[in-house]
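Summary of structural features
Residues per chain, in single letters:
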Amino acid sequence: MKLGIVGLPNVGKSTLFNSLTKAGAESANYPFCTIDPNVGVVAVPDPRLKLLADLYDSAKITPAVIEFVDIAGLVKGASKGEGLGNQFLSNIREVDAIVHVVRCFEDPNVIHVDGSVDPMRDIETINLELIFSDLEILERRIAKTAKGAFNNKELAKEVELLKQIKEHLENGALAGSMEFADEDEAAFVESLNLLTAKPVIFAANVGEEDLADDGASNGYVQKVREFAAQNHSEVFVICAQIEQEIAELEDEEKAMFLEDLGLSESGLDKLIAASYRLLGLLSYLTAGPTETRAWTIKAGTKAPQAAGKIHSDFERGFIRAEVVNYQDLLDNKTYAAAKEKGLVRLEGKDYVVKDGDVILFRFNV
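Below is a summary of the structure that appears in this document. (Residues numbered from 1 in each chain as written. Predicted model: local features only at pLDDT ≥ 70, side-chain atom pairs only at ≥ 80, totals over all residues. Heavy atoms only, no water.)

Details of the pattern of salt bridges
The test is simple: Salt-bridge detection follows one rule: a side-chain nitrogen of Lys or Arg within 4 Å of a carboxyl oxygen of Asp or Glu. Helix and strand definitions here come from DSSP, where helices need a minimum of 4 consecutive H or I residues and strands a minimum of 2 consecutive E residues; each element is numbered from the N-terminal end. To sort residues, take the accessible area from a 1.4 Å probe on protein chains only and compare it with the maximum for the residue type: under 20% means buried, over 50% means exposed, and anything in between is partly exposed.
For the coordinates displayed, the defined rule picks out 21 salt bridges. The closest approach of N and O atoms between Glu-94 and Lys-2, which form a salt bridge, is 3.5 Å. Of this pair, Glu-94 sits in the loop between helix H3 (87-92) and strand E5 (97-103) while Lys-2 is found in strand E1 (residues 2-6), placing the two residues 92 residues apart along the sequence. In this structure, the salt-bridge partner of Arg-140 is Glu-136, at a minimum N-O distance of 3.7 Å. Of this pair, Arg-140 and Glu-136 both sit in helix H4 (residues 119-146), four residues apart, which is roughly one turn of that helix. Take Arg-140: its relative accessible area is 54%, and that puts it in the exposed class. By relative accessible area, which is 28% here, Glu-136 ends up partly exposed.

So, in structure tokens, the structure goes:
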């Protein structure tokens, strides 16, 4: 999974990236300090892995990972070449979802590029740049496709759909909010890789005083939540500065620090949970003496395709899957004991893999 972190300059974007990845992207109180996208790979926290690894005495643990791309601060007119121009836009096209950092705190010492704090204006600024960039792509595609559409019904239908999307964007709406006639239309739009069709998670960046009640008393956060609800997006509240402090601590100190702040989870935990929900993801597990590992798949994935995440041969030669719920396995202390109680099931090609399944795949190529 690849997430792109975007936002106007000085909203806390690079500070958040630093704290999430400990990659040390330069963070400064001026625009464009992140000129090349910084990339950091983060392990997905999953306490189940350690418990399973202890059970199997595994030589190593391999968690699922998320790749974060910190993309240069946007300004009004970026799609027309202002600031860093279209450079950042090509970087966003490669991600699965956009993490849009929105400033929801007042601080006279941190300059706002537009002179005042207004998260809704900031969201609109960035959305308009994404819309302008997508419109350019659509116009080029319409011009190219229209040439062959005179005597080709399929291409004529394609041009019509492209024009509908274009009109939708020209009205200030995002491609992600469009309704489509059927799955074929939806798949076609997905193939266009439009920025405005990508799922969005809003990171409402607040001051420390707003963390304990999850931004409930912060008017800016409420507006972001209302907007997100209307646009099928996720929101999580974060204090990027606090996250940076947390990132420096060991796990035990981290837990104590969070407890002192009245928090049960870090911003990274919130972001990962939000991204899994938004993208419809889950993790199944494999365990043994060599390795205990988490594998990320889309909800609804069947056993052969889940096996294919490990190796294409597993999917090609799939015979069956031996499946046990990780909690059942832990409760019974050994795989053999769980099997004796009938908790290990043999599943075929139509089995839909569930979160927390511990699976042994049988295959023959």
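Things to note about helix H10 (residues 267-279)
Put simply, the rule reads: In this analysis, the expected span of each helix is defined as 1.5 Å times one less than the number of residues it contains.
Its 13 residues give H10 an end-to-end C-alpha distance of 18 Å, which sits within 8% of 18 Å, the value for a rise of 1.5 Å per residue. Taken as a whole, H10 has its buried residues at Gly-267, Leu-268, Lys-270, Leu-271, Ile-272, Ala-274, Ser-275, Tyr-276 and Leu-279. Remark: Gly-280 follows H10 within two positions and exhibits a positive phi of approximately 65°.

Regarding the sheet that holds strand E2 (residues 38-43)
Selection criterion: At least two DSSP bridges between two strands are needed for those strands to be called paired. Angles shown run from 0 to 180 degrees and are taken between the N-to-C directions of axes, each axis being a line fitted to C-alpha atoms and, for helices, limited to the stretch in contact.
On the basis of which strands lie adjacent, the open sheet formed by six strands has the order E2-E4-E1-E5-E6-E7 and mixed pairing. The sheet is open, and its two edges are formed by E2 and strand E7 (234-238), each paired on a single side. Pairs of neighbouring strands in the sheet enclose a mean axial angle of 25°, with direction left out of account. In this structure, E1 lies alongside strand E4 (residues 65-70), joined through four bridges in parallel fashion. When the bridges of E4 are listed, Gly-4 appears paired with Val-69.

Some points on helix H2 (residues 47-56)
Note the following rule: Throughout, the arc means that of the directions going from the helix axis to the C-beta atoms.
Of all the positions in H2, only Arg-48, Leu-49, Leu-52 and Ala-53 are classed as buried. For H2, the angular spread of the buried residues around the axis is 130°, confining them to a single face. At the exit of H2 stands Asp-57, carrying a positive phi of roughly 55°.

Some details on the nonpolar core
Quick reminder of the rule: We call a set of buried residues a nonpolar core when its members are Ala, Val, Leu, Ile, Met, Phe, Trp, Tyr or Cys and they connect through side-chain atoms within 4.5 Å of each other. In what follows, a contact means two residues having at least one pair of non-hydrogen atoms within 4.5 Å.
Residues Leu-3, Phe-68, Ile-92, Phe-202 and Leu-271 are the most contacted members of the largest nonpolar core, which totals 67 residues. For this core, the element with the highest residue contribution is H10, accounting for six residues. When near neighbours in sequence (up to four residues on either side) are disregarded, Leu-3 contacts Ile-66, Glu-67, Phe-68, Val-69, Val-95, Ala-97, Val-99, Leu-271, Ser-275 and Leu-279. Membership of the second largest hydrophobic core comes to 17 residues, among which are Leu-138, Ala-149, Leu-161 and Ile-165.

Side note on the packing of aromatic side chains
How we decide: Aromatic contacts are taken between Phe, Tyr and Trp rings whose centres are within 6.5 Å, Trp giving its six-membered ring; a plane angle under 30 degrees counts as stacked, one over 60 as edge-to-face, and the others as tilted.
Summed over all chains, the structure comprises five aromatic pairs. A ring pair is formed by Tyr-284 and Trp-295, whose centres lie 6.5 Å apart and whose planes are at 20°; its orientation type is stacked. Taken as a pair, Tyr-284 in strand E8 (residues 281-286) and Trp-295 in strand E9 (residues 291-298) lie far apart in primary sequence, 11 residues in all. A residue is classified by how much of its surface remains accessible, and Tyr-284, at 0% relative accessible area, is buried. A centroid spacing of 5.9 Å and a plane angle of 85° characterise the contact between Tyr-284 and Phe-361, whose relative ring orientation is edge-to-face. Highlighted residues: Tyr-284 in strand E8 and Phe-361 in strand E12 (residues 357-363), separated in sequence by 77 residues. Each member of the pair, Tyr-284 together with Phe-361, is buried.

A few points about unusual backbone geometry
Most peptide bonds take the trans configuration, and most residues that are not glycine carry a negative phi. One non-glycine residue with positive phi stands out, namely Asp-214, at about 55°. As for its placement among the helices and strands, Asp-214 is situated in the loop between strand E6 (200-205) and helix H7 (219-230).

Considering the packing of helix H5 (residues 153-170) against helix H6 (residues 183-191)
Basically, it comes down to this: Each angle gets one of four labels, with under 35 degrees taken as roughly parallel, over 145 as roughly antiparallel, 65 to 115 as roughly perpendicular, and the rest as oblique. Helix crossings fall into two classes, left-handed where the near helix is turned counterclockwise from the far one by less than a right angle and right-handed where it is turned clockwise. Each residue gets one of three labels, nonpolar for Ala, Val, Leu, Ile, Met, Phe, Trp, Tyr, Cys and Pro, charged for Asp, Glu, Lys and Arg, and polar for the others, Gly among them.
Where H5 meets H6, the closest approach of the two axes is 11 Å, and the angle between their N-to-C directions is 70°. Regarding the angle of H5 to H6, the classification is roughly perpendicular. For the element pair H5 and H6, the recorded crossing hand is right-handed. Taken together, the residues of H6 that come into contact with H5 (itself represented by Glu-158, Leu-161, Leu-162 and Ile-165) are Glu-185, Phe-188 and Val-189. Of the residues belonging to the contact of H5 with H6, the class tally is five nonpolar, no polar and two charged.

A few points about the environment of Leu-211
In this fold, Leu-211 is placed in the loop between E6 and H7. Taking the relative accessible area as the measure of exposure, Leu-211 reaches 6% and is therefore buried. Note: C-alpha distance between Leu-211 and Val-237 (26 residues apart in sequence) is 7.3 Å. What Leu-211 contacts, discounting residues up to four positions off in sequence, is Val-206, Val-237, Ile-238, Cys-239, Ile-242 and Leu-263.

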